[in-house]
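Observations on the three-dimensional arrangement
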Amino acid sequence: MTTTIVTTPEPSDDGRADVTVGGKVLDFRKTDPVIIDAESVTASDHADTDTVNDAVTSAVNGDETAVHEHLAVDPPNLFVNTSLDIRIRNAANGKRRPVIAPWLRSRTQFVQTAKWAADHAAHVSAYHAVRLPLYAGKLALRSPIGALKALGHAGSWVFDLESSPLRKQAVQKGDGELYLKLTRERHVAGRVWLALFTTVALVAGVLVLWGFGPWWAQWLAVAAVVGGLGWLGTPSDKRIAGRAVVTTKAQKLTSDVVVRALASLGIAQINQAVAKGGSGITFPAPIVRDGPGWLATVDLPYGVVVTDIMERRDKLASGLRRPLGCVWPEPVSEEHAGRLRLWVGDQDMSQAKTGAWSLAKTGRADIFQPLPFGQDQRGRAVSFLLMFANLLIGAMPRQGKTFALRIVLLAAALDPTVQLRIFELKGTGDLSGPGEKCAHHYGTGADDDTLMACLESLRQVKAELDSRAKTIRELPREVCPENKVTPELARRKGLGLHPILFAIDECQELFSHPDLGKEAEALCVPIIKRGPALGIMLVLATQRPDAKSLPPAVADNMSLRFCLRVMGQVANDMVLGTSAYKNGIRATMFGHKDKGIGLLVGNADDAQITRSSYVDGPDAEKISDRARAMRAAAGTLTGHAAGEETLTGADSGPNLLADVCEVLPAGQDKVWSETVVDRLADLRPDVYGPWAEQDGKTKATQLAAALKPYGITTGQVWGTGPDGKTGNRRGITRTDVVAAYRATTTPRDIDGA
Ligand SMILES: Nc1ncnc2c1ncn2[C@@H]1O[C@H](COP(=O)(O)OP(=O)(O)OP(=O)(O)O)[C@@H](O)[C@H]1O
């Protein structure tokens, strides 16, 4: 096998030197020769020989044994001068650094940085302030030594002791001329007089200060003298003040360290590759600083896939000599299965300080824009667009599922146009902030009443699907070109297209209920499928992601998924989607300490390791108060938050209006009352079955009586019966029912448009 030796071109200003090989830019950072396997450089690699020759000197070496791949991937230590043309070319290719640092351009980042600087200064000042007596004691103890040193230096200067060795040397060499010259230059007499004068002046100054000076000046003088002498008397290897902040600088990540760590995983192909005569491990890009850590891109030996590395993350961390929470291997999905992106943080992600949630203190959210959610392992903000999507959150117990859900609900609460329906089926009141203060429907507990109320709310939302679809269908094209809810439509008076966020925490309680589970599934599936375009978002959270607790028809159709630590492949795939585990998207890699850290799928091309922002209970209450005030001002405080009970719960039976809406499909505007009753009996035989057992006229009277409290009247309607007979009979108008139903669920118009 032949080997092409490529000498590294001279680096650019920033220490980078780019070589174009095979259409890819290889970025070298060292001046060492780089050896790449000739097989990896195809004919096309040499097509643009001018480009390559500018930077690359190729030579063919027939030595079969020298087939190693060593890319100069380690960060540079030296700045090397470069010729002007290469500098210009590299500058043209290079990334321009911003004229004004990004943190100075972003108000949030500026405030964060200023806050950090103020905090830091306050900490350092407080640290040293409490240690001032200690520092004073140290200085006082060291001041006698300092005084002796000062006298020594002064004596040596006055009597010109520094030149004494030179004079001795002149005597030893017998160089009389030099001796005389050195003696003439001594000026000892002048220095003695100056020293005497200075001493007298000092003594006089001390006496004057002692006799006539104010007390503070006397103490200041004592402090200055003792401090100065103490400083002089401090040994060079000792400090006076301690360190207020100890920085733990993480070890630089180099290719050697990465190869060593990979070799420690016990994977046969890697061991063969790194053994003498093996093909080695290649780095298609240099190891670079990336946020608060290092990023290495590695091409694993043939046959090794990234998932092999991910499932040995703990061993990899041991090989890198870093805490587990610092080591984050990921596949590079757009490349081959053996390309590994390894990010090694300076600090354990679970220990690293996350910034405050951006909406924690001020600001309002817009549901049509990405909602701030957390940070990735590199400290970059992670937000996602919940509008037109559904979200599934899953995890083992106590890993941060409810905290993550709460962030989403608080963000939605801060957009007053969003109607919240929140059911927290654990019963601990974790979501009581947004639930009690802002939600249209709110329930807490796993009892039958709460489950029935949740189901009833779901029925209402399900019934909304048809009425919203009809509303959208009937809107002029220019108003609704995409046939979906827009911010303008969501605010339009009377349209009833306001966004609805339906959240169920511990949804397994509902889905696994022997009587209600099936209906809950039947309601959620169409909401998940049709809801997003109609402005309805479903957010489910569960600690038991299995087929019984989370029906596959529900789990399969969720578009956004956030999975915190889970134990196995089944739970992983249930939350993150089929084959996620096989594709290396594994929330099983998280440990017990990784609270709030999970994989977010559906927001970007690749799964994002994300830590949800931390907002504790008291802070959530304050944010909810803010959101409630916004809603009150916008006139969107409805239902539970406004003190009205629009849910009937188990005892009061299902919602008649929602049910009538459901059995009257869009397009059937006028329907005989007896037909409506028959359909209601089909929908819910246990409730409406007895109504349907009566004759046609009685059925109509029964329905009229039931609808009367809602202001709905019946009238003569032309229609066709099940037997095909047509005629004029008592019936209802669909628009009347929809309008009455909306009056119970729709918040008032936001902007009065
Ligand atoms: N983003 C976060 N950062 C740091 N710690 C967090 C974060 N989110 C949650 N935690 C910690 O994890 C603990 C458990 O969180 P949470 O109550 O959300 O878990 P859970 O999965 O909902 O639990 P359960 O299954 O019992 O309902 C919290 O008490 C909190 O201290």
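No experiment lies behind these values; they were computed from the predicted model shown.

About the cut-offs
- Residues numbered from 1 in each chain as written.
- Predicted model: local features only at pLDDT ≥ 70, side-chain atom pairs only at ≥ 80, totals over all residues.
- Helix = DSSP H or I, 4+ residues; strand = E, 2+ residues; numbered from the N terminus.
- Buried ≥ 20, exposed ≤ 12 C-beta atoms within 10 Å, placed from the backbone.
- Contact = placed C-beta atoms within 7 Å.
- Near = placed C-beta within 6 Å.
- Nonpolar A, V, L, I, M, F, W, Y, C, P; charged D, E, K, R; others polar.
- Axes fitted to C-alpha atoms, helices over the stretch in contact; angles between N-to-C directions.
- Parallel < 35°, antiparallel > 145°, perpendicular 65-115°, else oblique.
- Left-handed = near helix turned anticlockwise from the far one by under 90°.
- Core = buried A, V, L, I, M, F, W, Y, C linked by C-beta atoms within 7 Å.
- Domains from an automatic or database assignment.
- Pairing = 2+ DSSP bridges.
- UniProt positions renumbered as here; feature names shortened; annotations may be inferred.
- pLDDT = per-residue confidence, 0-100.

The secondary structure content of the protein chain amounts to 27 helices and 22 strands. Across the 753 residues that make up the protein chain, the buried fraction comes to 37%. Nonlocal contacts in the protein chain, meaning residues at least 24 apart in sequence, comprise 69% of its contacts between residues at least 6 apart.

Unusually for a residue other than glycine, Arg321 sits at a positive phi of about 60°. Residue placement: Arg321 occurs in the loop between helix H13 (313-320) and strand E8 (327-331). The exposure class assigned to Arg321 is exposed, which follows from the 10 C-beta atoms found within 10 Å. One non-glycine residue, Phe388, lies in positive phi territory at about 65°.

Our next topic: the site of the ligand. Around the ligand, the surrounding shell holds 15 residues, and the nearest of these are Gly400, Lys401, Thr402, Phe403 and Gly596. Contributions of two or more residues to the shell around the ligand are made by helix H14 (401-413) and strand E19 (608-612). When residues of the shell around the ligand are assigned to their parent elements, the largest contribution, three residues, is made by H14. Residues of the shell around the ligand, tallied by class, amount to four nonpolar, six polar and five charged.

Moving on, we come to the packing of helix H10 (residues 255-263) against H13. Between H10 and H13, the least distance of the axes is 8 Å, while the angle of their chain directions is 135°. Overall, the two elements H10 and H13 adopt an arrangement that is oblique. Crossing angle aside, the handedness with which H10 passes H13 is right-handed. Listed contacts from H13 to Val257, Arg260 and Ala261 of H10 are Leu316, Gly319 and Leu320. Here the contact of H10 with H13 is composed, by residue class, of four nonpolar, one polar and one charged.

Val408, Leu409 and Ala412 are the most contacted members of the largest nonpolar core, which totals 124 residues. Examining the composition of this core, we find that ten residues originate from one element, H14, more than from any other. Summarising the domain contributions, this core has at least three residues from each of domain 3 (255-345) and domain 4 (379-634). Not counting chain neighbours up to four residues away, the residues in contact with Leu409 comprise Leu420, Ile422, Leu431, Pro434 and Ala503.

It is worth spelling out the environment of Leu161 at this point. Examined against the element boundaries, Leu161 turns out to sit in the loop between helix H5 (132-158) and helix H6 (164-173). Owing to 11 C-beta atoms within 10 Å, Leu161 belongs among the exposed residues under this scheme. In the structure, Leu161 is positioned 27 residues away from Val188 in sequence and 9.9 Å away in space, judged by C-alpha atoms.

Our next topic: H6. Counting buried residues in H6 gives zero out of ten residues, a small share hidden from the surface. Among the residues trailing H6, Gly174 stands out with phi positive, at a value near 75°.

This part takes up the pairing of E8. E8 sits mainly inside the fold: five of its five residues count as buried. Alternating positions in E8 separate into two faces, Val327, Pro329 and Pro331 on one and Trp328 and Glu330 on the other, with burial throughout.

Let us now look at the pairing of strand E16 (residues 536-542). Summarising burial for E16: seven of the seven residues are buried, a large majority. Residues of E16 alternate between two faces, with Ile536, Leu538, Leu540 and Thr542 on one and Met537, Val539 and Ala541 on the opposite face, all of them buried. Where strand E12 (residues 391-394) and E16 come together, four bridges link them in parallel fashion. Considered in E16, the bridge of Leu391 is made with Val539. Bridge analysis of strand E15 (residues 500-505) against E16 gives six bridges, and the strand direction is parallel. Within the sheet, the bridge partner assigned to Ala503 lies in E16 and is Val539.

With that settled, the discussion passes to the sheet that holds E8. Each strand in a sheet pairs with its neighbour through backbone hydrogen bonds, running either in the same direction (parallel) or in the opposite one (antiparallel). If you walk across this open sheet you meet the four strands as E6-E7-E9-E8, and the pairing is antiparallel. Edge positions in the sheet fall to strand E6 (282-289) and E8, since each has one partner strand and no second. Along the sheet, successive strands turn relative to each other by an average axial angle of 15°, direction set aside. Against the sheet, H13 contacts E8 and strand E9 (339-345), and its axis sits at roughly 125° relative to E8.

The next thing to look at is the sheet that holds strand E21 (residues 715-720). What the three strands build is an open sheet, ordered E20-E22-E21; its pairing is antiparallel. The open sheet has two edge strands, strand E20 (670-672) and E21, and neither has a second partner. Across this sheet, the average inter-strand angle for adjacent strands is 60°, counted without regard to direction. The pairing of E20 with strand E22 (residues 726-733) spans three bridges and is classified as antiparallel. Its bridge partner being in E22, Lys670 is matched across the sheet by Thr733. Against the sheet, helix H24 (residues 673-683) engages E20, E21 and E22, with an angle of about 80° to E20.

Let us now look at the UniProt feature "binding site: ATP" (unreviewed entry) in the protein chain. According to UniProt, the "binding site: ATP" (unreviewed entry) feature falls on Ala395, Met396, Pro397, Arg398, Gln399, Gly400, Lys401 and Thr402. When you line up the elements, Ala395 lands in the loop between E12 and H14. A count of 26 C-beta atoms within 10 Å places Ala395 in the buried class. Other than its neighbours up to four places away in sequence, Ala395 contacts Gly400, Lys401, Gln543, Cys563, Leu564, Arg565, Val566 and Gly598. Residue position: Met396 is located in the loop between E12 and H14. Here Met396 is in contact with Gln543, Arg565, Val566 and Met567, once residues within four sequence places are set aside.

Turning next to the packing of H5 against helix H8 (residues 188-212). It is at 8 Å that the axes of H5 and H8 come closest, and there the two elements cross at 145°. Contacts between H5 and H8 involve Ala154, Trp157 and Val158 on the former and, on the latter, Arg191, Val192 and Ala195.

Bringing the confidence of the model for the protein chain into the picture now. Scored by pLDDT, the protein chain has a mean of 81; 83% of the residues are at 70 or more. When the criterion is pLDDT under 50, residues 1-71 qualifies, and its contacts beyond four places in sequence or with other chains add up to 128 contacts. At the level of chain-chain contacts, confidence expressed as ipTM amounts to 0.97, with global pTM at 0.60.

What follows covers the environment of Arg131. As for its position among the elements, Arg131 is in the loop between helix H4 (107-130) and H5. Residue Arg131 is classed as partly exposed on the basis of its 15 C-beta neighbours within 10 Å. Through-space distance from the C-alpha of Arg131 to that of Gly242 is 8.6 Å; in sequence the pair is 111 residues apart.

A separate point is the environment of Leu194. Within the secondary structure, Leu194 sits in helix H8. Considered as a pair, Leu194 and Val158 are 36 residues apart in the sequence and their alpha carbons are 8.6 Å apart.

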